[in-house]
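Here are the chains, one letter per residue:
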Amino acid sequence: MTSGAVSAIPRTDPHTWLSQSDYPTDFVASATEGAINVSINVDEKGAPSSCSITSSSGDSGLDNLTCSLIMKRAQFTPAKNQNGQATTSKYSQKVTWRIPREKLITQGFKLTFAVERDGRLSNCELVKYNYHDNDPKCNPQMIDVLADKFLPATLTSYQSISLTLAIKVEGSVIAIPERLDEDRVIITSATAGISASGVITTCKAEVTRDWMGKSSDLCSGPITVGAKEFDPDPDGKNRKIAVTFEIAGLKR
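Residues numbered from 1 in each chain as written. Predicted model: local features only at pLDDT ≥ 70, side-chain atom pairs only at ≥ 80, totals over all residues. Heavy atoms only, no water.

(A) Region of the structure containing the overall build of the chain. Helices and strands together make up the secondary structure of the chain, namely three helices and 15 strands. Counting only residues that meet the buried cut, the chain has 38% of its 252 residues in that class. Accessible surface, the chain as shown: approximately 14300 Å² in total, 49% of it carbon and sulfur. (Helix = DSSP H or I, 4+ residues; strand = E, 2+ residues; numbered from the N terminus. Buried < 20%, exposed > 50% of the residue type's maximum accessible area, 1.4 Å probe, protein only. Areas by Shrake-Rupley, 256 points an atom, 1.4 Å probe, with all protein chains shown as cover.)

Written out as structure tokens, the structure is:
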């Protein structure tokens, strides 16, 4: 008795084959982005045997990186022919590369917790970006309070929660589309002027929220006009910075 042919099926979510952490830093500087269509040859055991680009991003480096990562990470349940025997097949996948927000940070950190099904926070991960102050603490109680206060859904609705502090120098900010599977809320933000000698000359609060009975106005605390908080500019130029503190929940 024969059965119908079955195509190869990914064993893991194709969205996990590539991640924002794979985005090369030098591609950020050149603002390299794009959509790529790939064709993957799958062998009888469900392993990718080759990968080819059917529609290019316009950048060969990004194209080659995509196929290289897919070849390392993709896994399939092999296709079957009409007789139910494993056979070779093809699988098509579209990949869209967008410059990740954290790669654009001039200075700052990102603190991420995984959220267990019962709402417990685990696996704290700290990533720093030229950040030289004291390391942020992996404090699950603080994350729990912030998530409950600012995110629109319950904690168990997310697979991870992250806090990001971004200090961006004027000119380094590139507009990036928000992820559809992520709730992101700016807790507080401000812009400030920095003199050539490194002194804070102006501060303007952009976003403030009430938190624990106080306003999250950065200009009333961490950013103090008149303080010398930055190194002198090597070219003797005045600068502007944007400081943002955000919380984000990646939906399940």
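Next, the rest of the story.
(B) Geometry of the side chain of S160. Relative to the helices and strands, S160 is located in strand β10 (residues 158–169). What makes S160 buried here is its relative accessible area of 18%. If we ignore the near neighbours within four places in the chain, the residues touching S160 are T112, F113, A114, V115, A248, G249 and L250. (Contact = heavy atoms within 4.5 Å.)

(C) Up close: the packing of aromatic side chains. In total, this model carries three aromatic pairs according to the counting rule given. The interplanar angle of 65 degrees and the centroid separation of 6.3 Å between the aromatic rings of W17 and Y91 together place this pair among those described as edge-to-face. Taken together, the residues span a long stretch of sequence, with W17 in the loop between β1 (9–10) and α1 (25–29) and Y91 in strand β7 (residues 89–97) at a distance of 74 residues. Like Y91, W17 is buried. Members of the aromatic cluster, connected to one another through ring pairs, are W17, F76 and Y91. (Phe/Tyr/Trp six-rings, centres within 6.5 Å; stacked < 30°, edge-to-face > 60°.)

(D) Geometry of the sheet that holds strand β9 (residues 121–129). A sheet is described by the order of its strands in space; here six strands give the open sequence β9-β8-β10-β15-β11-β12, paired in antiparallel fashion. Single-partner strands in this sheet number two, and they are β9 and β12 (200–207). Averaged over all pairs of adjacent strands, the angle between strand axes in this sheet comes to 10 degrees, irrespective of strand direction. Summarising the sheet, β10 and strand β15 (residues 239–251) pair through eleven bridges and their orientation is antiparallel. The residue of β15 that forms the bridge with S160 is L250. Against the sheet, helix α3 (residues 140–150) makes contact with β8 (107–115), β9, β10, β11 (182–194) and β15, and its axis sits at roughly 90 degrees relative to β10, the strand it touches most. (Pairing = 2+ DSSP bridges. Axes fitted to C-alpha atoms, helices over the stretch in contact; angles between N-to-C directions.)

(E) Up close: the pattern of salt bridges. Throughout the structure, instances matching the rule amount to four salt bridges. Among the ionic pairs, D183 bridges to K251, the shortest N-O distance being 3.6 Å. Taken as a pair, D183 in strand β11 and K251 in strand β15 lie far apart in primary sequence, 68 residues in all. You can call D183 buried: its relative accessible area is 15%. Assessed through its relative accessible area of 34%, K251 is described here as partly exposed. Close ionic contact of R184 with E246 constitutes a salt bridge, the shortest N to O distance being 2.7 Å. Here E246 lies in strand β15 and R184 lies in strand β11, a separation of 62 residues in the sequence. The network of salt bridges with common partners includes E182, R184 and E246. (Salt bridge = Lys/Arg side-chain N within 4 Å of Asp/Glu carboxyl O.)

(F) Focus on the state of the cysteines. Inspection of every chain in the model, using the stated rule, returns three disulfides. Each sulfur of the disulfide joining C51 and C67 lies 2.1 Å from the other. Between C51 and C67 the disulfide shows an S-S torsion of about -70 degrees. By sign, it is left-handed. One end of the pair, C51, is in strand β3 (residues 48–55); the other, C67, is in helix α2 (residues 60–73), with 16 residues separating them in the sequence. (Disulfide = S-S within 2.5 Å.)

(G) Highlighting unusual backbone geometry. Even without being glycine, N123 reaches a positive phi, approximately 50 degrees. Inspection of the secondary structure puts N123 in strand β9.

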